[in-house]
Amino acid sequence: MDNFIYYAPTRVIFGRGTENEVGTAVRREGGSRVFLVYGGGSAVKSGLLARVEKSLKESGLDFMSFGGVKPNPTAEHAEEGREMAEAFGADFILGIGGGSVIDTAKAIAHGVANPGIPLWEFWSKVRPVTKSTPVGAVLTIAAAGSEMSDSAVLTFESRGFKGGLSTDFNRCRFAVMNPELLFTVPKYQLAAGVTDIMMHTMERYFIPEIECDMTDEIAEGLLRSVVKNGRLILEDPNNYNAMAEVMWCSSLSHNGITECGRGKDFSVHKFGHALSALYDYTHGATLAAVWRSWAEYLYRDEPKRFARYARNVWGVTENEDLAAAEEGIRRTVAYFREIGMPTCIEELGVTPTEEELERLSEMASGGKKLTLTRIKPVRYPEIREIFAGAVRKK
């Protein structure tokens, strides 16, 4: 087991009706002028925004609302919100939505605390984040885990770039999590969320030659739970207990607990971010579309790891490691298909040209500079091979 520091300071306020406690939670963190960030009309139509505003009023807090966050959120929109929040004099940023909204709230928070510094300087690593504005979250979809993670992902449209920023300043002060808020989420988005939860866990799991038995047990249990309850919420989105399990899995998958002693390798996310940046597809769907090709490219170099995953997550009984690994990959892909996720890029509705494959590979490799995976070095030529192998269903 490698040395590690585990830090997860977010206060979780979980259960029915907890959105009505937002005002108290903000006041506890010292906020007085709250900038509310949300997405489309669902927060308004459902009455959630009104309930949150009512809670803030009852706590004697001033607030201003900023909507319009889209999936694959953009830095340009976050910069717009940053200007409004600065003019309002915000001292607390509250995201009401899923990962896209919460990530936008985090970006706005960094901008407000650092006037005059473009967000690009933080995301391009030109400048480290050394201060930010406190952020809270009211979660409306289980997927990205942004409510407890140290990361935020933005698309910089003018630069053709989508990428993440990791810093402890991205940690939410609190996360309000009412599973009932997910009952009206479309099934496709629920399935994409389940896929993202699985991928956040697997990206920390497929790392060789480091023994972390307790961390493995947590990851395998989380994967079994999200697979089981993912099926249940797609059968009945009003199943409170199943939705609660998936919601909690979302937070645990990305709050660092499944990387203790091992770290992480977000190589599949690099592929998915490139697809999202070029085609603007749902994040979880892009991950499912490329995972098979990624796994088939690498499993022979680490058969024991893939075999353990197959046996402990999917119940595979094959004794020989290679055979078990192959069956585990097959069952994972079958599950993605079962819940309505794509299993190749063509199922996203596009067939990349040779030029687009080159562009995707350049984006995933950071302009041919990055080496991905800790199983073996995967650079631009191998990344292009994996993308090519993901185009069509096998």
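About the cut-offs
Residues numbered from 1 in each chain as written. Predicted model: local features only at pLDDT ≥ 70, side-chain atom pairs only at ≥ 80, totals over all residues. Heavy atoms only, no water. Helix = DSSP H or I, 4+ residues; strand = E, 2+ residues; numbered from the N terminus. Rg over C-alpha atoms; globule rule 2.2 N^0.38 Å. Contact = heavy atoms within 4.5 Å. Areas by Shrake-Rupley, 256 points an atom, 1.4 Å probe, with all protein chains shown as cover. Salt bridge = Lys/Arg side-chain N within 4 Å of Asp/Glu carboxyl O. Pairing = 2+ DSSP bridges. Axes fitted to C-alpha atoms, helices over the stretch in contact; angles between N-to-C directions. Patch = residues over 30% accessible without salt bridge, like charges linked within 9 Å, V, L, I, M, F, W, Y side chains within 5 Å. Buried < 20%, exposed > 50% of the residue type's maximum accessible area, 1.4 Å probe, protein only. Core = buried A, V, L, I, M, F, W, Y, C linked by side-chain atoms within 4.5 Å. Phe/Tyr/Trp six-rings, centres within 6.5 Å; stacked < 30°, edge-to-face > 60°.

Before we move on, could you go through the overall build of the protein and cite the residues and values that matter?
When helices and strands are tallied, the protein shows 15 helices and 8 strands. In terms of overall size, the protein behaves like a compact globule, its C-alpha atoms giving a radius of gyration of 20 Å where 394 residues would be expected to give roughly 21 Å. Projected onto its principal axes, the C-alpha coordinates of the protein cover approximately 65 × 45 × 45 Å. A fraction of 77% describes how many contacts in the protein between residues 6 or more apart in sequence connect residues 24 or more apart. Carbon together with sulfur atoms contributes 49% to the accessible area of the protein, which is approximately 15800 Å² in total.

An account of the pattern of salt bridges is requested, with residue identities and associated values reported.
Enumeration over the complete set of coordinates arrives at 26 salt bridges. Close ionic contact of Asp 216 with Arg 308 constitutes a salt bridge, the shortest N to O distance being 3.7 Å. Here the residue Asp 216 occupies a position in helix 8 (residues 213-235), and Arg 308 occupies one in helix 12 (residues 303-314), the gap between them amounting to 92 residues. In this structure, the salt-bridge partner of Arg 308 is Glu 220, at a minimum N-O distance of 2.6 Å. Placement of Arg 308 in helix 12 and of Glu 220 in helix 8 is noted, with a sequence separation of 88 residues between them. Taken together, the shared-partner salt bridges in this structure form one network comprising Asp 213, Asp 216, Glu 220, Arg 262, Arg 305 and Arg 308.

Can you explain the sheet that holds strand 8 (residues 174-177)? Please cite residues and give values.
Pairing is parallel in the open sheet, where 6 strands are placed in the order 1-8-5-4-2-3. Looking at strand neighbours, the two that pair on one side only are strand 1 (11-14) and strand 3 (62-66), the edges of this open sheet. Geometrically, the sheet is characterised by an average inter-axis angle of 20° between neighbouring strands, direction not taken into account. As judged from the 5 bridges shared by strand 2 (residues 33-38) and strand 4 (residues 92-97), these two strands associate in the parallel manner.

Explain a nonpolar patch on the surface to me, using residue names and the numbers behind them.
A surface patch of nonpolar side chains, about 330 Å² in accessible area, is lined by Met 1, Phe 4 and Tyr 6. With respect to the secondary-structure elements, Met 1 resides in the segment before strand 1. A relative accessible area of 57% places Met 1 in the exposed class.

Break down the environment of Glu 211 for me, citing the residues and quoting the values.
Take Glu 211: it is sitting in the loop between helix 7 (187-205) and helix 8. Residue Glu 211 is classed as exposed on the basis of its relative accessible area, which comes to 71%. In this structure the C-alpha to C-alpha distance between Glu 211 and Gly 261, which are 50 residues apart in sequence, comes to 8.2 Å. For Glu 211, the contacting residues outside a window of four places in its chain are Met 1 and Arg 262.

Break down the nonpolar core for me, citing the residues and quoting the values.
Counting 123 residues, the largest nonpolar core has Leu 94, Met 198, Trp 291, Trp 294 and Phe 387 as the members making the most contacts within it. Leave out the neighbours within four places in its chain, and Met 198 touches Leu 223, Val 226, Val 227, Trp 314, Tyr 335 and Phe 336.

Any details on unusual backbone geometry? Residues and values, ideally.
One non-glycine residue with positive phi stands out, namely Asn 72, at about 55°. Locating Asn 72 in the fold gives a position in the loop between strand 3 and helix 4 (75-88). Even without a glycine there, the phi angle at Thr 373 is positive, about 70°. Tracing the backbone shows Thr 373 in the loop between helix 14 (354-364) and helix 15 (380-390).

Can you tell me about the environment of Phe 169, naming the residues and giving the values?
With respect to the helices, strands and loops of the structure, Phe 169 is situated in the loop between strand 7 (161-166) and strand 8. Take Phe 169: its relative accessible area is 36%, and that puts it in the partly exposed class. When the C-alpha atoms of Phe 169 and Pro 9 are compared, they prove to be 11 Å apart, with 160 residues separating the residues in sequence. What Phe 169 contacts, discounting residues up to four positions off in sequence, is His 110, Val 129, Thr 130, Lys 131 and Ser 132.

Explain the pairing of strand 7 to me, and be specific about the residues and the numbers.
Pairing of strand 6 (residues 151-156) with strand 7, which is carried by 6 bridges, proceeds in the antiparallel orientation. The partner of Leu 154 across the bridge, within strand 7, is Gly 163. Hairpin connection, strand 6 to strand 7: the antiparallel pair is bridged by 4 residues, and Gly 160 has positive phi, about 60°.

Describe in detail the packing of aromatic side chains, supporting the description with residues and values.
A complete count under the given rule lists 18 aromatic pairs for this structure. Ring centres of Phe 35 and Phe 66 lie 5.7 Å apart, and the angle between their planes is 25°; this geometry places the pair in the stacked category. One end of the pair, Phe 35, is in strand 2; the other, Phe 66, is in strand 3, and 31 residues separate them in sequence. Side by side, Phe 35 and Phe 66 carry an identical accessibility label, which is buried. On the basis of an interplanar angle of 25° and a centroid distance of 4.3 Å, the ring pair of Phe 206 and Phe 306 is categorised as stacked. Taken together, the positions of Phe 206 in the loop between helix 7 and helix 8 and Phe 306 in helix 12 put the pair 100 residues apart, joining distant regions of the chain.

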